[in-house]
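# Structural description and commentary
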Amino acid sequence: MEILVSKKLRQIIRFSKQQLIDCVIENYGCDGGDLKFALTYIMDEGLALERDYPFTGKDGECLNVTDKYIVKIRELQLMNTTNLIRSGLKNFSPLATYFYAPTGLELYEGGVLEPPPEECQDIERLHAAVIVGYNGDELLMRNSWGPDWGEKGNFWIKAGLCGLGNETYAISEWMNLAV
């Protein structure tokens, strides 16, 4: 969402992650949850800027800042195959996804991840990221761990591994509530 809106407005936009932690009641706060619930929340409610609903790094009560919501998703499309992911990147880029984070992802420094299946089965390691590009059958993913991790906050992984593509979404239409 940040990349889509920043690209359109030609300025860096940071949306509130804390709002999603506090307000998506179907999820588990800082302990994670389902990407689809978060995207549905943004469709139904909207999303505020980071400065209007700052990150605290802990679970909290949902703040009533509806007057600060500046964006809403209008339409999502499921991209659940490698070909649909490539098409989605060309037409909508980037794509929101989640996958089973392979063992050792936290230590990634570069290269293309090709973890064996046994490293991608832990439900406790379900992780959301954004697919921002591809090269052949390799996907370039933007992680949420900051620019000092991986390759400036990004990592490469072979398409189709670790559940990638099972639930990948393109935000095909959104609306600016600030206008």
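One can find the structure itself at the top, above this paragraph.
For the structure given in this document, a descriptive report is provided here. As the structure is a computational prediction, the values presented were derived from the model and not from experiment.

### Points about the environment of L49
Here L49 is to be found in the loop between β1 (47-48) and β2 (69-78). Taking the C-alpha atoms as reference points, L49 and K17, 32 residues apart in sequence, are found 8.9 Å from one another. Excluding residues within four positions of it along the chain, L49 makes contact with I13, R14, F15, S16, K68 and I70.

### So, unusual backbone geometry
Its identity is not glycine, yet R10 carries a phi of approximately 60°, on the positive side. Relative to the helices and strands, R10 resides in the loop between α1 (2-9) and α2 (17-23). Using a relative accessible area of 78% as the deciding quantity, one classes R10 as exposed. Although it is not a glycine, C162 sits at a positive phi angle of roughly 60°. Take C162: it is sitting in the loop between β7 (154-158) and β8 (168-176). Owing to a relative accessible area of 7%, C162 belongs among the buried residues under this scheme.

### Things to note about the layout of surface pockets
Unoccupied space between atoms shows up once a probe the size of one water molecule is rolled over them. Approximately 160 Å³ is the volume attributed to the second largest pocket. Every residue lining the second largest pocket is listed: L4, K7, K8, N91, F92, S93, I171, S172, E173 and W174. The set of elements that each furnish at least two residues to the lining of the second largest pocket consists of α1 and β8. In terms of residue count, β8 provides more of the lining of the second largest pocket than any other element does, four residues in total. A breakdown of the residues in the lining of the second largest pocket according to their chemical character gives four nonpolar, three polar and three charged.

### Considerations on the sheet that holds β1
A sheet is described by the order of its strands in space; here eight strands give the open sequence β1-β2-β8-β3-β5-β6-β7-β4, paired in mixed fashion. The open sheet has two edge strands, β1 and β4 (112-113), and neither has a second partner. Pairing between strand β6 (residues 138-142) and β7: five bridges, direction antiparallel. Across the sheet, residue M141 finds its bridge partner in β7, namely F155. Contacts from α1 reach β2, β5 (126-135), β6 and β8, with the element oriented near 45° to β8. The strands touched by helix α3 (residues 35-44) are β1, β2, β3 (95-100) and β8; relative to β2, the strand with the most contacts, the crossing angle is about 125°.

Rules and cut-offs
- Residues numbered from 1 in each chain as written.
- Predicted model: local features only at pLDDT ≥ 70, side-chain atom pairs only at ≥ 80, totals over all residues.
- Heavy atoms only, no water.
- Helix = DSSP H or I, 4+ residues; strand = E, 2+ residues; numbered from the N terminus.
- Contact = heavy atoms within 4.5 Å.
- Buried < 20%, exposed > 50% of the residue type's maximum accessible area, 1.4 Å probe, protein only.
- 1 Å grid on protein atoms, 1.4 Å probe; cavity = no way out; pocket = protein on both sides within 12 Å on 5 of 7 lines; lining within 4 Å.
- Points joined across faces, edges and corners; volume = space filled by probe spheres on them.
- Nonpolar A, V, L, I, M, F, W, Y, C, P; charged D, E, K, R; others polar.
- Pairing = 2+ DSSP bridges.
- Axes fitted to C-alpha atoms, helices over the stretch in contact; angles between N-to-C directions.

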